[in-house]
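Per-entry structural report
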Amino acid sequence: MSVFNQSRSRIIRFIFIVAFVVIVVQLFYLQVISGKYQQLARDNAVFAKVVYPERGIIFDRNGKAILNNTIIYDLMVTPAEVKGLDTLEFCRLIGMDTVEFNKRILEAKFKNTAVRPSVFKGLLTKEMQARFEENSWKYPGFNLVERPLRSYSYNAAAHILGYIREADTKDIENSGNFYRQGDFIGKTGLESYYEKVLMGQRGVQHMIKDNKNRLVGHFENGAYDTASVAGRGLRTYIDIELQQMAEQLMANKVGGLVAIDPKTGGILAMVSGPNYNPNDLTGPDGSKNYSKMVLDVTGPMLNRAIGGRYEPGSTFKPLGALVALNEGVITPSYGYPCGGRYTLCGHGKPACTHAGGGHAANVRLSIANSCNAYYAHVYRLTVDNPKYGNVKNGYLHWKEYMNTFGLGVRLGLDLPNENPGLIPDTSVYNKENANRWTSCTNLTLGIGQDKMLTTPLQMANAMCIIANKGYYYTPHFVEKIDGETDEDSSLMKKFRVKHDVLTHIPDTAFSAVIEGMNDVVKFGTARIAQIPGIDVCAKTGTAENYTILDGRRIKLPNNSMFVSFAPKDNPKIAIAVFVQNAGFGATWAGPISRILLEKFLNDTLMTKSKADLERISKANLMPAYFKRLQYKEDSIRSYKWFQTTKDSTYIRKYTTGVFPEKSKPAKKNPVRKPNEILAVLPERTNYLATGKSPQA
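Quick caveat, the model's predicted, so the values are computed rather than measured. (Residues numbered from 1 in each chain as written. Predicted model: local features only at pLDDT ≥ 70, side-chain atom pairs only at ≥ 80, totals over all residues. Heavy atoms only, no water.)

1. Things to note about the overall build of the chain
Quick note on the threshold: A helix here means a DSSP run of H or I that spans at least four residues, while a strand means a run of E at least two residues long, and both kinds are numbered starting from the N terminus. Burial status follows relative accessibility: with a 1.4 Å probe on protein chains alone, a residue under 20% of its type maximum counts as buried, one over 50% as exposed, and anything between as partly exposed. Here, residues are in contact when the closest pair of their heavy atoms is within 4.5 Å. Accessible surface is estimated by sampling points in the Shrake-Rupley manner with a 1.4 Å probe; for residues, cover comes only from the protein chains shown.
In terms of helices and strands, the chain carries 23 helices and 20 strands. Residues classed as buried in the chain amount to 51% of the 696 residues present. Expressed as a percentage of contacts within the chain between residues at least 6 apart in sequence, the contacts between residues at least 24 apart total 72%. Summing over all exposed atoms, the chain offers an accessible surface of approximately 32,500 Å²; the carbon and sulfur share of this is 53%.

2. Digging into the packing of helix H18 (residues 456-467) against helix H20 (residues 507-522)
The criterion, for reference: To get an axis, fit a line to the C-alpha atoms, keeping to the stretch in contact for a helix; angles then go from 0 to 180 degrees between the N-to-C directions. Here the angle decides the label: under 35 degrees means roughly parallel, over 145 means roughly antiparallel, 65 to 115 means roughly perpendicular, and every other value means oblique. Residues are grouped as follows: nonpolar covers Ala, Val, Leu, Ile, Met, Phe, Trp, Tyr, Cys and Pro; charged covers Asp, Glu, Lys and Arg; every other residue, Gly included, is treated as polar.
Direction vectors running N to C along H18 and H20 enclose 120 degrees, while the axes themselves pass 10 Å from each other. Here H18 lies oblique to H20, going by the angle between them. Contacts between H18 and H20 involve Met463, Ile465 and Ile466 from the first element and Phe510, Val513, Ile514 and Met517 from the second. A breakdown of the residues in the contact of H18 with H20 according to their chemical character gives 7 nonpolar, no polar and no charged.

3. Quick notes on the pattern of salt bridges
So the rule is basically this: Each reported salt bridge corresponds to a side-chain nitrogen of Lys or Arg within 4 Å of a carboxyl oxygen of Asp or Glu.
Following the criterion strictly, the structure yields 26 salt bridges and no others. Residue Arg202 pairs with Asp183 through a salt bridge whose shortest N-O separation is 2.3 Å. A residue pair is termed long-range when its members are at least 10 positions apart, and Arg202 in the loop between helix H9 (195-198) and strand E8 (203-209) and Asp183 in the loop between helix H7 (169-174) and strand E7 (184-186) qualify at 19 residues. Put simply, Arg55, Arg150, Glu191 and Glu195 are held in one network by salt bridges that share partners.

4. Section: the sheet that holds strand E12 (residues 267-273)
The line we're drawing: By definition, two strands form a pair when at least two bridges between them are found by DSSP.
The strand order across the open sheet built from 5 strands is E12-E11-E18-E17-E16, with neighbouring strands paired in antiparallel fashion. Strands with a single pairing partner mark the edges of an open sheet, and in this sheet they are E12 and strand E16 (537-549). Within this sheet the neighbouring strands show an average axis-to-axis angle of 10 degrees, counted without direction. With 12 bridges joining them, E16 and strand E17 (residues 552-566) adopt antiparallel strand pairing. Looking at the pairing, Ala538 lines up with Ser564 of E17. Its contacts with the sheet place helix H10 (residues 240-249) against strand E11 (255-260), E12 and strand E18 (573-579), and it is angled at close to 25 degrees to E12. This element, H18, spans E11, E12, E17 and E18 of the sheet and lies at about 30 degrees to E11.

5. Overview of the confidence of the model for the chain
Put simply, the rule reads: For every residue, the predictor assigns a confidence score, pLDDT, that lies between 0 and 100.
With 89% of its residues at a pLDDT of at least 70, the chain reaches an overall mean of 87. In this model, residues 658-696 is a region of pLDDT below 50 whose contacts with residues beyond four sequence positions or in other chains number 77 contacts.

6. Re the state of the cysteines
Note the threshold: Defined by distance alone, a disulfide is two cysteine sulfur atoms within 2.5 Å.
One pass over the structure, following the stated rule, counts 1 disulfide. Here Cys345 is linked by a disulfide to Cys440, with a sulfur-sulfur distance of 1.9 Å. Every disulfide takes its handedness from the sign of the S-S torsion; for Cys345 and Cys440 that torsion is -85 degrees, giving left-handed. Separated by 95 residues along the polypeptide, Cys345 in the loop between helix H13 (317-327) and helix H14 (363-368) and Cys440 in the loop between helix H17 (426-432) and H18 bring together distant segments of the chain. A residue is classified by how much of its surface remains accessible, and Cys345, at 17% relative accessible area, is buried. By relative accessible area, Cys440 is classed as partly exposed at 21%. Free cysteine Cys338: the closest other cysteine sulfur is in Cys352, separated by 3.4 Å.

7. A look at the nonpolar core
Rules: The set of buried Ala, Val, Leu, Ile, Met, Phe, Trp, Tyr and Cys residues whose side-chain atoms join them within 4.5 Å is what this entry labels a nonpolar core. Per the annotation, domain bounds derive from an automatic or database assignment of domains.
Grouped together as the largest cluster of nonpolar side chains are 136 residues, with contacts concentrated most on Tyr194, Met270 and Trp398. Two domains each donate at least three residues to this core, and these are domain 1 (49-236) and domain 2 (266-289 + 307-618). In this structure Trp398 touches Phe316, Val323, Tyr379, Thr382, Val383, Ile423, Leu445 and Met452, once residues within four positions along its chain are discounted. Core analysis: the second largest hydrophobic core is formed by 19 residues, Phe90, Met128, Phe132 and Phe142 among them.

8. Some details on unusual backbone geometry
For residues other than glycine, phi is negative in most cases, and the peptide bonds are mostly trans. The peptide bond linking Gly273 to Pro274 adopts the cis configuration, its omega dihedral lying at 0 degrees. Secondary-structure assignment places Pro274 in the loop between E12 and helix H11 (286-294). With an omega dihedral of 0 degrees, the bond running from Lys349 to Pro350 counts as a cis peptide bond. Even without being a glycine, Leu123 presents a positive backbone phi close to 55 degrees. Within the secondary structure, Leu123 sits in the loop between strand E4 (118-121) and helix H5 (126-135). Given the relative accessible area of 14%, Leu123 is considered buried.

Set out below in structure tokens:
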């Protein structure tokens, strides 16, 4: 063999050897080091089943579980494993069309990739769950996963407890991807505020799949499984029986109610009307019910107890008296010769319901008889106090008092979406009055009107300050967290701090106001609140109410308001009740307060209160204008739907005339026929506005 041929033979052998070595090394890497194909094989045979933890249980003050868990199933899909599926049969099984099927598969791929399990259909009914389990082997890529579902044993406290929903894209991004698609998160109420405590920690079970896609056992006897950790419980101040009774009394009414333990700041009950059953937002129909309530103009999902803004009216007068007494512009014996109107500003307003007879001869009598002229004048004396130089400085000092009482600021309770109400700044009056105004400009602030807006929570807390003679604890629901950690203690710290905001006010001032509020019940405007053997302190309030509807300003029935605490010498409960469009404070809000005071303090009701409970619970005080407003809002939505889809199905009940066919293209600048009315299109007005300022 020639030298040339020998050299070429060596080169060829060398190439073969190198290729062989490369192949061996690659096989060794793939089979021993990388484990890529082992992982692919495992993925085909092993299903990583997410185990969702039970959320923490919420208990009332007596240890009753008012928010618990039950089990329901989610249908999960891993799009990459969906092969050879009879789509039509599958859609019939779970009750959807093929368009919706394809849409959900695409959403799962987009949100969570094709190789990770996503929720395909959440919260299956028991019937649907059973049908799927019988046929699951036919549908590769689909599996059932247990989901703890929230259960409200007492059908109460919806606005307090809140609800949970599947984490959306924004929730996932805000959590730094801690939450995943399929996780549930607290959206409102205590569920939201205490999410980190209640949520628990998800686990994973690695399950073996057979050739028919059925789960037949744990992979490696569960060696790779991680257990879920249940969320921790919350122990609250809520009295669930009091809460249920309060909700019963506020049925078919608009307004808010808050009851607080003055000694701790613990909220005993909170109701917003109209209310809803919290179980309506759980289970398979939760989303449908949510959509209905969102479109309801009565606002059942708005918590008016912390979000509704109301003129406090005469319920504010005890606060005005305390400020004036502390400022030294009046004494407990100060009287005002009211003849039925306040005349010192030249217009004879505000008027009083009493006239003459010494009904405002001192602080106690002025509160008992609720003299408007007295408190308009007391306000003027306070802001015109010479030591502040001018009315603007005096007003700012008065505003500081209001903020100290918790008005015009957020109190910081353990619920989201608290409204601060409104105590306007001097800039508001400067702008409206060309920087020239006096105490006559806004004198009705002295009787809780003008631009003053408060929430039921704020007024209940203000009663706690009076009951405690100057201090309060930030209102809150949760007393303690099970297994409390240092992080929990940091969360709860602000609710355990005593706020000595007005303890510098002399006892003589507090005594005059407290005795006056007691006189309100004994012989004044709130005799309806008398409870045998218990000294109740209270104040009635009534405020005029207007709305704008169909371009007209309409006078509505007055708002009925009532604030109280009891017993006088050792207060255990303070209540604020606001009922919209219900009339005088003593007519509706007063009896509601008395029934709740009696229930909490005596754990029983006298015959009169039982009769009032029955009467008030059955009374429907929903404002009549809501029907018209709902009609207008529905017509607007129907018209928008028609504009978008040319589908006239929903708009026909609001219209008459001819509609263009769906298949015909819309003409440019079409000429309307005389009988063609497409919709009722009202001006986009805030129909809940009342007077000069909005109310919820």
